[in-house]
Amino acid sequence: MTKQQPTWSPYDFNGGTCVAIAGADYCVIAADTRMSTGYNILTRDYSKICKLAEKSLLASSGFQADVRALQKQLAARHLIYQHQHNKQMSCPAMAQLLSNTLYYKRFFPYYAFNVLGGLDDNGKGCVYTYDAVGSYERVGYSSQGSGAKLITPFLDNQLKSPSPLLLPAKDAVTPLSEVEAVDLVKTAFASATERDIYTGDKLEIVVLNKEGIRREYMELRKD
């Protein structure tokens, strides 16, 4: 009989789902507030959305201890940037910083799956989607986390953006109005909550536009 050694992992998976949609003059970032481990719910009221700069918001799922460490690192780098340049970092610059930060830790990665949303220098909505080691792409919409495999096909059906390989390059922003984008996100999460045990409790929606930041909440399934 072989002796079994107890296994230990430096990572955990705390579940949760994040979605971002970019519009002509707005960006919608949404995430549920459930944090789990295995079949246990640790808390029903945990925000996965972090404001990094005036026009940049980060939504992250995965291992929340790594997510917090990543947020602290980005906040410190942004503070240095502000002291050196006397201005807030733009969303495209923050996207590159996040990619560099993740890639730097590629041999012992942050177990975090990120969606960065905000407004670019022209006031247009922008969404950047990432893998765990910093590969990123600017897209019109994105979903990450445990419910992404349920939500992404739905968003593809509703918002399918043109291929980035087509020339001339097409705009990545979605044609929806701000209200329609918020309703679409609510519908997507209401559907995903029925099938994914790691998504639920409450939906936090953050809308970023030229007026500033607005938050909305919607109740989801508690079971």
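Before reading further, recall that the structure is shown in the block above.
Parameters and conventions
- Residues numbered from 1 in each chain as written.
- Predicted model: local features only at pLDDT ≥ 70, side-chain atom pairs only at ≥ 80, totals over all residues.
- Heavy atoms only, no water.
- Axes fitted to C-alpha atoms, helices over the stretch in contact; angles between N-to-C directions.
- Helix = DSSP H or I, 4+ residues; strand = E, 2+ residues; numbered from the N terminus.
- Parallel < 35°, antiparallel > 145°, perpendicular 65-115°, else oblique.
- Left-handed = near helix turned anticlockwise from the far one by under 90°.
- Contact = heavy atoms within 4.5 Å.
- Pairing = 2+ DSSP bridges.

## A closer look at the packing of helix α1 (residues 64–85) against helix α2 (residues 91–104)
For the pair α1 and α2, interaxial distance at closest approach is 11 Å and the crossing angle is 125°. Classed by the angle they form, the pair α1 and α2 counts as oblique. Every pair of crossing elements has a handedness; the one defined by α1 and α2 is right-handed. Residues L70, Q73, L74, R77 and H78 of α1 form the contact with α2, whose own contacting residues are M94, L97, L98, T101 and L102.

## Let's talk about the sheet that holds strand β12 (residues 212–219)
Spatial ordering of the open sheet is given by β10-β1-β2-β11-β12, a layout of 5 strands whose pairing is antiparallel. At either end of the open sheet lies a strand with only one pairing partner, and these are β10 (141–145) and β12. Going from strand to strand, the sheet's axes swing by 15° on average, the running direction of each strand aside. The pairing of strand β1 (residues 17–22) with β10 spans 5 bridges and is classified as antiparallel. If you follow V19 over to β10, its bridge partner there is S143. Of the strands in this sheet, β1 and β10 are in contact with helix α3 (residues 148–159), which crosses β10 at around 170°.

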